Amino acid sequence: MTLDAGELERLYAYPDSDRPWVRTNFVSTLDGAATGQDGKSGTLGGDTDTQVFALLRSLADVIVVGAGTARDEGYEDFGVDTELRMRLGLSPVPTMVLVSRSLGIPPALLRPGIVVVTTADAEPDAVATLRETIEVIAAGQGDIDWTAVLAEFAERGWRRVLCEGGPSLHGELVRLDLVDELCLTIAPVLAGGHAPRIAHGHDAAHHAMTFGHAIEGDGGLLTRWVRARP
Ligand SMILES: NC(=O)c1ccc[n+]([C@@H]2O[C@H](COP(=O)([O-])OP(=O)(O)OC[C@H]3O[C@@H](n4cnc5c(N)ncnc54)[C@H](OP(=O)(O)O)[C@@H]3O)[C@@H](O)[C@H]2O)c1
């Protein structure tokens with residue numbers, strides 16, 4: 001099923017915000033699995049999830065993804081709706097940001113234009129090598145300083161932030177209460193097994209979210225939830 005493109009654009013429009021708005025996008029089974037039998041998330045989503053996934057990319061200034069997901073899912077070049085981006089006054093393509101502490105990023109993923117976010121105490125030689133071809137934002141000792149990273153995004157005019165995971169990165173953003181919005185596809189599947197959830201980390205949190213919308217698609221639901229901030 002293909003959903004009406006104009007209606008989806010309205011439903012998923014970023015709010016006017018004077019700071020970077022962090023939207024995360026995930027798919028989960030009914031019993032909370034973030035991966036299918038093949039250990040990847042792509043097998044969980046249907047055509048409508050694919051349609052919304054592509055739209056969310058087309059609406060973003062920057063796409064942030066953990067190196068684990070980029071490695072596991074084999075992130076490659078992706079297409080965006082250039083007509084839509086031009087109409088909205090966005091850059092021709094969103095910037096892809098890879099998040100890594102180890103900087104063990106496969107060379108195939110390090111295309112020109114990509115930005116790597118890491119810690120300020122990351123291995124200096126690895127950072128220097130990366131900087132020969134791509135940009136590196138280094139912030140925080142031991143852990144990435146996400147407040148500093150988002151301030152850097154704001155400096156660059158990147159206010160529409162889309163994080164595509166994975167669960168470790170998402171867990172960190174949840175812990176820091178930096179997730180403004182979750183777009184969650186609920187796939188009509190029971191998975192059992194030991195699959196990860198869409199967010200995990202050391203510390204549990206309790207951040208209330210308000211309902212945005214739910215759209216039926218492929219027998220499941222495409223939902224949107226917004227952080228209830230005081
Ligand atoms: N259901 C969904 O919608 C969905 C979405 C995305 C991914 N997934 C699935 O999730 C699985 C991957 O899970 P994951 O938790 O390993 O994914 P992840 O968060 O993308 O990857 C973890 C790795 O990313 C880097 N990273 C993440 N957060 C970081 C932080 N705060 N600071 C520094 N580095 C950070 C580190 O890379 P280095 O090791 O390079 O330091 C870390 O080892 C895959 O099976 C993927 O298919 C599911």
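Residues numbered from 1 in each chain as written. Predicted model: local features only at pLDDT ≥ 70, side-chain atom pairs only at ≥ 80, totals over all residues. Heavy atoms only, no water.

Draft legend 1. Representation of helix 7 (residues 167-175). All buried positions along helix 7 are accounted for by Pro-167, Leu-169, His-170, Gly-171, Glu-172 and Leu-173. Where helix 7 is buried, its residues meet strand 1 (21-29), strand 2 (62-66), strand 3 (95-99), helix 6 (146-155), strand 6 (160-163) and strand 7 (181-187). Positive backbone phi, at 55°, marks Asp-177, one or two positions downstream of helix 7. (Buried < 20%, exposed > 50% of the residue type's maximum accessible area, 1.4 Å probe, protein only. Helix = DSSP H or I, 4+ residues; strand = E, 2+ residues; numbered from the N terminus. Contact = heavy atoms within 4.5 Å.)

Draft legend 2. Representation of helix 2 (residues 47-59) within the structure. Its 13 residues place the ends of helix 2 19 Å apart at the C-alpha level, agreeing with the 18 Å of an ideal helix rising 1.5 Å per residue. Turning to helix 2, its buried residues are Thr-48, Asp-49, Gln-51, Val-52, Leu-55, Leu-56, Arg-57, Ser-58 and Leu-59. (Expected span 1.5 Å × (residues − 1).)

Draft legend 3. Here's a closer look at the side chain of Arg-57. For Arg-57, the location among the structural elements is in helix 2. The exposure class of Arg-57 is buried, given its relative accessible area of 9%. Setting aside residues no more than four positions away along its own chain, Arg-57 makes contact with Ile-63, Tyr-75, Phe-78, Val-80, Arg-85, Pro-94, Met-96, Leu-162 and Glu-164.

Draft legend 4. Seen up close, the site of the ligand. Near the ligand you find 28 residues, and of these Ala-34, Thr-69, Glu-73, Ser-100 and Ser-168 are the closest. Contacts to the ligand include Gly-66, whose backbone N or O atom sits 3.4 Å from an oxygen atom. Between Gly-68 and the ligand, the recorded distance is 3.2 Å, taken from a backbone N or O atom to an oxygen atom. Bound to the protein, the ligand loses 85% of the 910 Å² it would expose on its own. When contributions to the shell around the ligand are tallied by element, the ones reaching two or more residues are strand 1, helix 3 (67-73) and helix 7. In terms of residue count, the dominant contributor to the shell around the ligand is helix 3 (six residues). Of the residues that constitute the shell around the ligand, the class distribution is nine nonpolar, twelve polar and seven charged. (Near = heavy atom within 4 Å. Polar contact = N/O pair within 3.5 Å; in protein donor to acceptor, adjacent residues only side chain to side chain. Areas by Shrake-Rupley, 256 points an atom, 1.4 Å probe, with all protein chains shown as cover. Nonpolar A, V, L, I, M, F, W, Y, C, P; charged D, E, K, R; others polar.)

Draft legend 5. Region of interest: the side chain of Ser-100. Structurally, Ser-100 can be placed in the loop between strand 3 and strand 4 (115-118). Side-chain polar atoms of Ser-100 contact the backbone nitrogen of Ser-102, separated by 3.4 Å. Within polar-contact distance, the side chain of Ser-100 engages the backbone nitrogen of Leu-103 at 2.8 Å. Excluding its chain neighbours within four sequence positions, the residues that come into contact with Ser-100 are Ala-67, Ile-105, Val-117 and Thr-118.

Draft legend 6. View of the packing of aromatic side chains. Within the structure shown, the criterion is met by two aromatic pairs. Between Phe-153 and Trp-158 the ring centres are 5.2 Å apart and the planes differ by 65°, which places this aromatic pair in the edge-to-face class. Since its relative accessible area comes to 12%, Trp-158 is described here as buried. For the ring pair Phe-211 and Trp-225, a centre distance of 5.3 Å and an interplane angle of 70° mean the geometry is edge-to-face. (Phe/Tyr/Trp six-rings, centres within 6.5 Å; stacked < 30°, edge-to-face > 60°.)

Draft legend 7. Spotlight on the nonpolar core. If you look at the biggest cluster of nonpolar residues, it comprises 35 residues, and the most contacted ones within it are Tyr-12, Leu-98 and Val-116. When contributions to this core are tallied by element, the ones reaching two or more residues are helix 1 (5-11), helix 2, strand 2, helix 3, strand 3, helix 5 (124-131) and strand 9 (220-227). If you tally residues by element for this core, the top one is helix 2, at four residues. Not counting the four nearest positions on each side in its chain, Val-116 is found in contact with Leu-98, Leu-103, Ile-105, Leu-110, Leu-130, Ile-134, Glu-135, Val-136 and Ile-137. Counting 21 residues, the second largest nonpolar core, distinct from the first, contains Val-115, Ile-144, Trp-146 and Val-161. (Core = buried A, V, L, I, M, F, W, Y, C linked by side-chain atoms within 4.5 Å.)

Draft legend 8. Layout of unusual backbone geometry. Residue Gly-165 is joined to Gly-166 through a cis peptide bond whose omega torsion reads 5°. Tracing the chain through its elements places Gly-166 in the loop between strand 6 and helix 7. A positive phi angle is found at Leu-103, which is not glycine, with a value near 65°. With a phi close to 55°, Asp-218 is a non-glycine residue in the positive phi region. Inspection of the secondary structure assignment puts Asp-218 in the loop between strand 8 (209-217) and strand 9.

None of this, on its own, says anything about what the molecule does.
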